[in-house]
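Residue strings, one per chain:
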Amino acid sequence: MWRARRAAVACEVCQSLVKHSSGIQRNFPLQKLHLVSRSIYRSHHPALKLQRPQLRTSFQQFSSLTNLSLHKLKLSPIKYGYQPHRNFWPARLAARLLKLRYIILGSAVGGGYTAKKTFDEWKDMIPDLSDYKWIVPDFIWEIDEYIDLEKIRKALPSSEDLAKLAPDLDKLAESFSLLKDFFTTGHKLVSEVIEASGPLLLLGPPGETAFRATDHGSESDKHYRKVSDKEKIDQLQEELLHTQLKYQRILERLEKENKELRKLVLQKDDKGIHHRKLKKSLIDMYSEVLDVLSDYDASYNTQDHLPRVVVVGDQSAGKTSVLEMIAQARIFPRGSGEMMTRSPVKVTLSEGPHHVALFKDSSREFDLTKEEDLAALRHEIELRMRKNVKEGCTVSPETISLNVKGPGLQRMVLVDLPGVINTVTAGMAPDTKETIFSISKAYMQNPNAIILCIQDGSVDAERSIVTDLVSQMDPHGRRTIFVLTKVDLAEKNVASPSRIQQIIEGKLFPMKALGYFAVVTGKGNSSESIEAIREYEEEFFQNSKLLKTSMLKAHQVTTRNLSLAVSDCFWKMVRESVEQQADSFKATRFNLETEWKNNYPRLRELDRNELFEKAKNEILDEVISLSQVTPKHWEEILQQTLWERVSTHVIENIYLPAAQTMNSGTFNTTVDIKLKQWTDKQLPNKAVEVAWETLQEEFSRFMTEPKGKEHDDIFDKLKEAVKEESIKRHKWNDFAEDSLRVIQHNALEDRSISDKQQWDAAIYFMEEALQARLKDTENAIENMIGPDWKKRWLYWKNRTQEQGVHNETKNELEKMLKCNEEHPAYLASDEITTVRKNLESRGVEVDPSLIKDTWHQVYRRHFLKTALNHCNLCRRGFYYYQRHFIDSELECNDVVLFWRIQRMLAITANTLRQQLTNTEVRRLEKNVKEVLEDFAEDSEKKIKLLTGKRVQLAEDLKKVREIQEKLDAFIEALHQEK
């Protein structure tokens with residue numbers, strides 16, 4: 001099987017690297033080893049020989065408490081010179097050389113045996129998958145068709161390269177030949193043997209040499225040997241670092257090949273090669289739970305304590321750069337010294353076949369391998385931040401949710417918060433500093449949140465603000481990870497390197513942390529790629545004195561180690577807390593369901609969206625009912641409303657001036673002129689206004705009238721808002737006035753009454769209009785003169801002084817009208833003087849303007865009463881009308897005028913009704929649908945218009961159920977992964 005073949009190849013490479021060191025025991029950090037390599041290391045390590053490699057489920061191995069530093073080798077001093085006494089030194093020397101031979105041969109044989117045994121153990125540990133082929137997709141067994149394993153095998157070190165790592169037997173033979181001549185040549189040859197095979201003789205444990213000379217030598221030789229030993233120690237330590245880096249490159253190459261293989265597998269899943277349905281990834285399920293929780297109103301004492309990685313730091317400390325290195329893409333807006341992160345950004349990292357990013361509320365995918373997509377993503381994030389920030393503010397607590405997928409990404413959820421500031425600068429809101437602190441505290445006070453504290457290493461530690469904030473929220477450091485950024489600048493600028501070591505070890509700050517890390521986030525160029533930054537980071541730490549002098553440990557550097565550590569800590573915290581959170585939501589759900597049953601036992605649990613859909617259907621049904629109104633009802637309403645609007649103008653401006661003329665010819669001419677002017681300027685516009693208002697009134701009546709038992713008052717606000725917005729958007733067709741003007745003009749020019757029925761209808765219409773005006777006039781006179789004697793006696797009311805003056809003036813004017821019933825509409829100047837003098841003779845002082853106002857009402861009442869009497873006379877005047885009033889003293893031109901007005905009203909109402917039913921009702925219905933669609937997308941509108949305890953309770957109940965279901969599904973998937 002291909003997995004077994006890959007394991008065997010990896011084992012062969014890792015064994016060669018473990019045995020490559022010449023006489024040195026190395027302590028490789030287990031975090032840096034490949035999974036297969038760790039097993040080999042444990043099989044040779046005496047304390048770990050029988051232990052199985054553990055999965056990284058804890059953060060302990062990345063803690064600074066784990067001592068994985070490179071130990072320096074201690075070499076025992078070698079003594080030179082001859083012994084002063086005979087002690088059979090040739091025999092002892094031969095015995096030691098024989099012992100050396102056995103050690104070399106035994107190591108070679110034992111190493112081969114151990115390698116074979118380790119390979120056999122791994123082979124036995126690999127389960128037989130023949131019975132489980134149905135679990136693995138078919139194309140996995142044919143993976144060699146897609147990947148050239150032979151090419152990979154050729155890329156690995158050959159047997160000749162591995163042979164170079166084994167001891168050189170030819171050199172050993174030469175050494176033995178030199179030792180053979182030693183018995184005759186003496187001490188000089190012994191020294192040559194030591195120099196020729198020095199590295200091979202140091203096979204013992206540190207601090208003990210495999211060969212000791214018997215001569216003490218001179219003092220100068222001792223000094224020379226000490227210097228040589230120190231150089232060898234430095235040389236061997238440097239060789240060890242180079243070997244580690246070489247081993248690391250091989251591991252990275254293998255991981256890259258593994259990443260390509262996983263990418264290929266995921267791509268096959270996307271293309272649907274096998275038909276099994278892909279399950280949602282674990283981290284995506286967890287992210288959905290967090291998204292639902294972020295919208296949940298915790299009004300039932302149920303708080304969100306699920307873990308997140310909260311990234312906090314001072315402004316421009318490098319938070320964004322660290323996140324981009326973890327996400328392996330430059331996805332955030334950048335600015336030199338300017339605040340760019342204005343609202344929290346939740347980034348969900350998960351594994352996928354392609355390196356893409358997408359927002360929670362959008363289906364667009366941004367390809368992170370293309371620079372134009374990266375620029376578009378940064379621009380979109382910046383726009384969303386600006387949208388979240390309200391007017392007058394600088395930052396916002398609203399969260400932007402972003403998913404980033406890609407091969408090899410560590411699965412976790414990070415929240416990037418706005419940078420902590422010390423001073424509010426120009427252009428910021430005065431409360432910006434306090435708002436940032438409150439947002440940061442809200443996220444960090446979660447007892448299961450992992451705090452990723454970012455500190456700029458290039459500035460003075462005393463200027464840091466965030467460390468005090470973090471120490472307040474997590475005083476014991478049980479969930480804090482400290483990251484020192486810009487270490488390259490720190491090493492260059494800081495005079496004392498030990499100060500950096502104090503920062504990393506947590507001795508300089510009052511805060512405590514689980515682990516301390518040092519990273520490099522590039523050279524400060526915003527156009528640098530992630531790959532270039534990673535190469536620069538590795539190159540820096542390879543040459544850094546901080547690592548060479550053991551101030552920093554190998555597992556504390558690079559963002560790669562940081563991301564592994566954070567991911568392990570995150571998942572450990574998730575496993576420890578998720579079930580407890582699920583239990584709390586179960587209790588909350590039970591309480592909410594009990595409350596609903598007690599308060600609303602006969603109602604379904606409809607949330608806002610469901611209630612909105614129900615209200616939407618009712619509103620659309622009512623709009624459809626509007627089209628079912630009968631034509632007769634439309635015309636009656638339109639005709640009545642239009643006459644109410646134009647009656648004052650018809651009587652005051654057309655009828656009364658024309659009726660006061662001396663003969664019928666002048667009356668008709670005046671009427672025709674005034675009707676034409678009215679039609680050209682005011683009448684069509686007034687008719688359209690009446691039609692539009694009538695449509696609004698009918699629409700409102702259908703929307704607001706109770707529907708009996710089915711009426712739900714919870715929809716009243718929504719219906720009112722929909723009605724107002726729909727009416728605001730609706731505009732009457734502009735072409736209606738032009739066509740209506742022609743129709744009205746033609747109707748008013750017609751004077752031919754065809755039958756007696758129309759004549760009687762015109763008289764009835766005239767009587768109603770005049771009686772309504774007479775009633776209004778009498779009310780006006782009553783208000784002017786005050787209560788009459790009957791009301792004064794029965795209701796104990798009195799007239800005011802002004803009302804008394806009006807009453808005396810009215811009586812005087814009525815006397816004048818009785819003397820001349822044919823009096824014209826206006827008083828002459830001498831008549832006004834006469835009335836004033838008559839009143840003054842009775843002790844009543846009046847003003848001429850008061851006389852004119854009183855006369856207007858008195859004459860109006862007299863004229864309307866006369867017109868009503870004339871109307872009664874015209875009831876039998878249809879015969880004279882047909883003869884054009886020839887040989888008759890009766891003239892009923894006013895009846896003809898009111899017939900023309902009545903006919904115009906009927907034709908206008910009919911025209912408007914047709915336009916309403918054929919066009920405007922449908923347009924209004926379309927506007928209502930658009931308004932409802934807009935309201936459906938506006939969550940704030942729905943919250944404002946659909947309110948009440950019942951709605952909030954149903955909303956909370958639905959959210960709690962959704963959260964619990966997602967939590968249960970996540971916990972089940974979490975157990976399956978275990």
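All values reported here derive from a predicted model rather than from experimental measurement.

## Brief notes about the overall build of the protein chain
At step 1: Counting secondary structure elements, the protein chain contains 36 helices and 9 strands.
At step 2: When burial is assessed residue by residue, the protein chain has 45% of its 978 residues classed as buried.
At step 3: Considering only intrachain contacts with a sequence separation of at least 6, the fraction spanning at least 24 residues in the protein chain is 80%.
At step 4: Counting only carbon and sulfur atoms, one obtains 50% of the accessible surface of the protein chain, whose full area is about 53800 Å².

## Some words on the state of the cysteines
At step 1: Applying the stated rule across the entire model yields 1 disulfide.
At step 2: Note on cysteine connectivity: Cys874 is disulfide-linked to Cys892, with sulfurs 2.1 Å apart. Between Cys874 and Cys892 the sulfur-sulfur dihedral comes to about -100°; the bridge is accordingly left-handed. Taken as a pair, Cys874 in the loop between helix 32 (848–873) and helix 33 (878–882) and Cys892 in the loop between helix 33 and helix 34 (893–937) lie far apart in primary sequence, 18 residues in all.
At step 3: Taking relative accessible area as the criterion, Cys874 reaches 0% and is therefore assigned buried.
At step 4: You can call Cys892 buried: its relative accessible area is 0%.

## Describing the confidence of the model for the protein chain
At step 1: When pLDDT is averaged across the protein chain, the result is 75; 68% of the residues are at 70 or more.
At step 2: Counting interchain partners and residues more than four positions distant, the pLDDT-below-50 stretch residues 131–136 has 2 contacts.
At step 3: Within the model, pLDDT remains below 50 along residues 271–278, and this stretch shows 7 contacts once partners closer than five positions in the same chain are excluded.

## Structural notes on the packing of aromatic side chains
To describe a pair of aromatic rings, one takes the distance between the centres and the angle between the planes.
At step 1: Tallied over the entire structure, the rule returns 17 aromatic pairs.
At step 2: Through a chain of ring-to-ring contacts, the aromatic side chains of Trp643, Tyr655, Phe765, Trp855, Tyr859, Phe863 and Phe898 assemble into a single cluster.
At step 3: We note Arg701 situated over the ring of Phe702; from NZ or CZ to the ring centre the distance is 4.7 Å.

## Regarding a nonpolar patch on the surface
At step 1: On the surface, Trp789, Trp793, Leu794 and Tyr795 cluster together into a nonpolar patch covering about 620 Å² of accessible area.
At step 2: Within the secondary structure, Leu794 sits in helix 29 (residues 789–795).

## Observations concerning the pattern of salt bridges
At step 1: Scanning all chains against the criterion turns up 40 salt bridges.
At step 2: Between Asp416 and Lys319 there is a salt bridge whose closest N-O contact spans 3.0 Å. With a gap of 97 residues between them, Asp416 in strand 6 (residues 412–416) and Lys319 in helix 13 (residues 319–327) connect regions that are remote in the sequence. Summarising the burial analysis for this pair, Asp416 and Lys319 share the class buried.
At step 3: Among the charged side chains, a salt-bridge network with shared partners connects Arg589, Glu593, Glu605 and Arg961.

## Looking at the packing of helix 28 (residues 756–785) against helix 34
At step 1: Two numbers describe how helix 28 lies on helix 34: the axes approach to 8 Å, and their chain directions differ by 95°. Here helix 28 lies roughly perpendicular to helix 34, going by the angle between them. Contacts between helix 28 and helix 34 pair Gln758, Trp759, Ala761, Ala762, Ile763, Phe765, Met766 and Ala769 from the former with Asp894, Val895, Val896, Phe898, Trp899, Ile901, Gln902 and Leu905 from the latter.
At step 2: Classifying every residue of the contact of helix 28 with helix 34 by side-chain character gives 13 nonpolar, 2 polar and 1 charged.

## Topic: the packing of helix 31 (residues 829–841) against helix 32
At step 1: At a minimum axis separation of 10 Å, helix 31 and helix 32 run at an interaxial angle of 105°. Put simply, helix 31 runs roughly perpendicular to helix 32. Judged by residue contacts, Ile832, Val835 and Arg836 of helix 31 engage Pro848, Ile851 and Lys852 from helix 32.
At step 2: Taken together, the residues that form the contact of helix 31 with helix 32 break down as 4 nonpolar, no polar and 2 charged.

## Some thoughts on the sheet that holds strand 9 (residues 515–518)
At step 1: Taken in spatial order, the 9 strands of this open sheet run 4-3-5-2-6-1-7-8-9, and their pairing is mixed. A strand with exactly one partner marks an edge of an open sheet, and here the two such strands are strand 4 (366–367) and strand 9.
At step 2: Across 3 bridges, the pairing between strand 1 (residues 309–313) and strand 6 is parallel. Note on strand 6: the bridge partner recorded for Val310 is Val415.

## Description of the nonpolar core
At step 1: Counting residues in hydrophobic clusters, the biggest one holds 100 residues, and the most contacted among them are Trp643, Tyr655, Trp678, Trp759 and Ile901.
At step 2: When residues no more than four places from it in sequence are discounted, the contact partners of Ile901 are Trp643, Val650, Leu675, Trp678, Leu748 and Phe765.
At step 3: Ile326, Ala327, Ala582 and Phe970 belong to the second largest nonpolar core, which has 68 residues in total.

## Details of a negative patch on the surface
At step 1: A cluster of acidic residues, Glu962, Glu965, Asp968 and Glu972, forms a negative patch on the protein surface.
At step 2: When you line up the elements, Asp968 lands in helix 36 (residues 949–977).
At step 3: On the basis of relative accessibility, which here comes to 31%, the residue Asp968 falls in the partly exposed class.

## Things to note about the side chain of Arg608
At step 1: Tracing the chain through its elements places Arg608 in helix 22 (residues 608–626).
At step 2: Of the side chains bearing the opposite charge, Glu955 lies closest to the buried Arg608, which forms no salt bridge; the N-O distance is 4.1 Å.
At step 3: A polar side-chain atom of Arg608 sits 3.0 Å from the main-chain carbonyl oxygen of Leu946.
At step 4: Not counting residues up to four positions away in its chain, the partners in contact with Arg608 are Lys942, Ile943, Leu946, Val951, Gln952 and Glu955.

## Digging into the environment of Ser343
At step 1: Within the element layout of this structure, Ser343 appears in the loop between helix 13 and strand 2 (345–350).
At step 2: In sequence terms Ser343 and Ile381 are 38 residues apart; their C-alpha atoms lie 9.9 Å from each other.
At step 3: The residues contacting Ser343, other than those within four sequence positions of it, are Met385, Asn388, Ser396, Glu398, Ile400, Asp416 and Pro418.

## Thoughts on helix 28
At step 1: With 30 residues, helix 28 ought to run about 44 Å at 1.5 Å a step, and its terminal C-alpha atoms sit 43 Å apart, in line with that.
At step 2: Remark: Gly786 follows helix 28 within two positions and exhibits a positive phi of approximately 90°.

## Side note on unusual backbone geometry
At step 1: A positive phi angle, close to 65°, is found at Ser316, a residue other than glycine.
At step 2: Tracing the chain through its elements places Ser316 in the loop between strand 1 and helix 13.
At step 3: Residue classification places Ser316 among the partly exposed residues on the basis of a relative accessible area of 41%.
At step 4: Here Thr558, not a glycine, exhibits a phi torsion of approximately 75°, which is positive.
At step 5: Mapped onto the elements, Thr558 comes out in the loop between helix 20 (545–548) and helix 21 (559–599).
At step 6: According to the relative accessible area criterion, Thr558 is buried, its value standing at 12%.

How each quantity is defined
Residues numbered from 1 in each chain as written. Predicted model: local features only at pLDDT ≥ 70, side-chain atom pairs only at ≥ 80, totals over all residues. Heavy atoms only, no water. Helix = DSSP H or I, 4+ residues; strand = E, 2+ residues; numbered from the N terminus. Buried < 20%, exposed > 50% of the residue type's maximum accessible area, 1.4 Å probe, protein only. Contact = heavy atoms within 4.5 Å. Areas by Shrake-Rupley, 256 points an atom, 1.4 Å probe, with all protein chains shown as cover. Disulfide = S-S within 2.5 Å. pLDDT = per-residue confidence, 0-100. Phe/Tyr/Trp six-rings, centres within 6.5 Å; stacked < 30°, edge-to-face > 60°. Lys NZ or Arg CZ within 6 Å of the ring centre and 35° of its normal. Patch = residues over 30% accessible without salt bridge, like charges linked within 9 Å, V, L, I, M, F, W, Y side chains within 5 Å. Salt bridge = Lys/Arg side-chain N within 4 Å of Asp/Glu carboxyl O. Axes fitted to C-alpha atoms, helices over the stretch in contact; angles between N-to-C directions. Parallel < 35°, antiparallel > 145°, perpendicular 65-115°, else oblique. Nonpolar A, V, L, I, M, F, W, Y, C, P; charged D, E, K, R; others polar. Pairing = 2+ DSSP bridges. Core = buried A, V, L, I, M, F, W, Y, C linked by side-chain atoms within 4.5 Å. Lys, Arg positive; Asp, Glu negative; His and termini not counted. Charge placed at Lys NZ, Arg CZ, Asp CG, Glu CD. Polar contact = N/O pair within 3.5 Å; in protein donor to acceptor, adjacent residues only side chain to side chain. Expected span 1.5 Å × (residues − 1).

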